[in-house]
There are 2 protein chains.
Amino acid sequence: MIQLDFKKTGGLIPAIVQDEATGEILMLAYMNPQAFEATLSTGKATYYSRSRKTLWVKGETSGNVQLVKEIRIDCDNDAILLKVEQLGRAACHTGHRSCFYKKVENGSIRITGEPLFDPKEVYNK
Amino acid sequence: MIQLDFKKTGGLIPAIVQDEATGEILMLAYMNPQAFEATLSTGKATYYSRSRKTLWVKGETSGNVQLVKEIRIDCDNDAILLKVEQLGRAACHTGHRSCFYKKVENGSIRITGEPLFDPKEVYNK
């Protein structure tokens, strides 16, 4: 039985999403118990969207599904690590491979990398 | 200027901590604005302890300080990625190298790896 501590974090647990092959961090999302169960049962990363207030199968719109290869839980049972195969070219809704494309340098932000797809084409169908 | 969205997450932003050399995820912690500023100014990972309700320089008790090599911010400005050099042998208070030592297998948890130090010796001085 897998006991996760959803209470400490107000019902949602952060899930770190890491590219299984390269180790790159792709994104951070949140799971409620239903999202965690759906991820376990389907093998596709499923999160809770805080903005839309609903379950969210990653890639359901963009096609950029995340196939879950490994799941780890932290010492306190209040954080999740997913190692995934990222289908499509990018995890981020901006078109970047990773959501963490803003690098802190000398007290300001530098954008790294280029978008791999045009969000307008993917999301504004 | 670096604008982080602390409001969306109730004042605390999750910080993913990754071993700069190996790509291994070491832990997930939280930062408030003061913790982020202290991390920037000192180069040592500084978090906000939700249990102790205070700033927490990682390693101040154990000696397992995290030297920050790179900081990244995500697309929505509400998650942080630290790439660090982990001093000492382990990041986790249990003595494990990584806090994510619990692996989900066939619906249950398997402990991976061995503690690298004895928490009783490190914390109960």
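Refer to the structure above for everything that follows.
Residues numbered from 1 in each chain as written. Chains lettered and ligands numbered in written order. Predicted model: local features only at pLDDT ≥ 70, side-chain atom pairs only at ≥ 80, totals over all residues. Heavy atoms only, no water.

Turning to the pairing of strand 8 (residues 108-111) of chain A, a few remarks are in order. All names here are of chain A. The sheet contact formed by strand 7 (residues 102-105) and strand 8 spans 4 bridges and is antiparallel. When the sheet's bridge partners are listed, K102 is paired in strand 8 with I111. In this structure, the hairpin formed by strand 7 and strand 8 is closed by a connection of 2 residues, where N106 is found at a positive phi of approximately 50°. (Pairing = 2+ DSSP bridges. Helix = DSSP H or I, 4+ residues; strand = E, 2+ residues; numbered from the N terminus.)

Contacts between chain B and chain A engage 38 residues on the former and 38 residues on the latter. Carbon and sulfur atoms supply 63% of the area that chain B and chain A bury against each other, a total of about 3,100 Å² over both sides. When residues of chain B are sorted by the area they lose upon contact with chain A, C75, F100 and K102 of chain B head the list and together hold 21% of the total. Connecting chain B to chain A are 2 salt bridges. A salt bridge links R50 of chain B to D78 of chain A, with the shortest nitrogen-to-oxygen separation between them at 3.0 Å. (Contact = heavy atoms within 4.5 Å. Buried area = accessible area lost by both parts, 1.4 Å probe. Salt bridge = Lys/Arg side-chain N within 4 Å of Asp/Glu carboxyl O.)

Turning next to the relation of the copies chain B and chain A. Taken as rigid bodies, chain B and chain A are interconverted by a rotation of 180° and an axial shift of 0.0 Å, the fit giving an RMSD of 0.0 Å. Taken together, the rotation and translation describe the operation of a two-fold axis. If distances are taken from each C-alpha of chain B to the rotation axis, the shortest is found for G23 of chain B, at 2.7 Å. (Least-squares fit on C-alpha atoms with pLDDT ≥ 70 in both.)

Here we take up the pairing of strand 5 (residues 66-73) of chain A. Counting buried residues along strand 5 of chain A, 6 of its 8 residues qualify, which places the element largely inside the surrounding structure. Here strand 5 of chain A runs beside strand 6 (residues 80-86) of chain A; their pairing, made up of 7 bridges, is antiparallel. Among the inter-strand pairings, R72 of chain A is bridged to a residue of strand 6 of chain A, identified as L81 of chain A. Count of turn residues in the strand 5 of chain A/strand 6 of chain A antiparallel hairpin: 6 residues, of which N77 of chain A carries a positive phi of about 60°. Across 2 bridges, strand 5 of chain A lies against strand 7 (residues 102-105) of chain B in antiparallel orientation. Looking across to strand 7 of chain B, one finds that R72 of chain A is bridged to K103 of chain B. (Buried < 20%, exposed > 50% of the residue type's maximum accessible area, 1.4 Å probe, protein only.)

Moving on, we get to the sheet that holds strand 1 (residues 13-19) of chain B. Strand order in the open sheet made by the 6 strands is 8(A)-7(A)-5(B)-6(B)-1(B)-2(B), with mixed pairing throughout. Every other strand in the sheet has two partners, leaving strand 8 of chain A together with strand 2 (25-31) of chain B as the edge strands with one partner each. Averaged over all pairs of adjacent strands, the angle between strand axes in this sheet comes to 35°, irrespective of strand direction. Its contacts with the sheet put helix 1 (residues 33-42) of chain B on strand 7 of chain A together with strand 2, strand 5 (66-73) and strand 6 (80-86) of chain B, and the angle it makes with strand 5 of chain B is roughly 120°. (Axes fitted to C-alpha atoms, helices over the stretch in contact; angles between N-to-C directions.)

A separate point is the pattern of salt bridges. Here the idea is simple: oppositely charged side chains can pair when their charged atoms come close. Applying the stated criterion across every chain, the model contains 20 salt bridges over all chains. Residue K103 of chain A is joined to E105 of chain A by a salt bridge in which the shortest nitrogen-to-oxygen separation is 3.7 Å. Taking the shortest distance from any N to any O, the salt bridge between K69 of chain B and E85 of chain B comes out at 3.5 Å. Taken together, the residues span a long stretch of sequence, with K69 of chain B in strand 5 and E85 of chain B in strand 6 at a distance of 16 residues.

Okay, helix 1 of chain B next. All names here are of chain B. Taken together, the buried positions of helix 1 are occupied by A35, F36, A38 and T39. Considered in projection along helix 1, the buried side chains sweep an arc of 165° and stay on one side of the axis. Tucked into the core, helix 1 has its buried residues touching strand 2, strand 3 (46-49), strand 4 (54-57), strand 5 and strand 6. With its phi angle positive at about 75°, G43 sits one or two positions after the end of helix 1. (Arc of directions from axis to C-beta.)

The next point concerns unusual backbone geometry. The backbone of N77 of chain A shows a phi angle near 60°, a positive value even though the residue is not glycine. We classify N77 of chain A as partly exposed; its relative accessible area is 23%.

This next bit is on the sheet that holds strand 6 of chain A. Strand order across the open sheet formed by 6 strands is 2(A)-1(A)-6(A)-5(A)-7(B)-8(B), with mixed pairing between neighbours. Of all strands in the sheet, those bounded by a partner on one side alone are strand 2 (25-31) of chain A together with strand 8 (108-111) of chain B. Looking at each pair of strands side by side, their axes are set apart by 35° on average, direction ignored. As paired strands, strand 1 (residues 13-19) of chain A and strand 6 of chain A are joined by 5 bridges and run parallel to one another. What sits directly across from D19 of chain A, in strand 6 of chain A, is V84 of chain A. Strands in contact with helix 1 (residues 33-42) of chain A are strand 2, strand 5 and strand 6 of chain A together with strand 7 of chain B; relative to strand 5 of chain A, the strand with the most contacts, it is inclined by about 120°.

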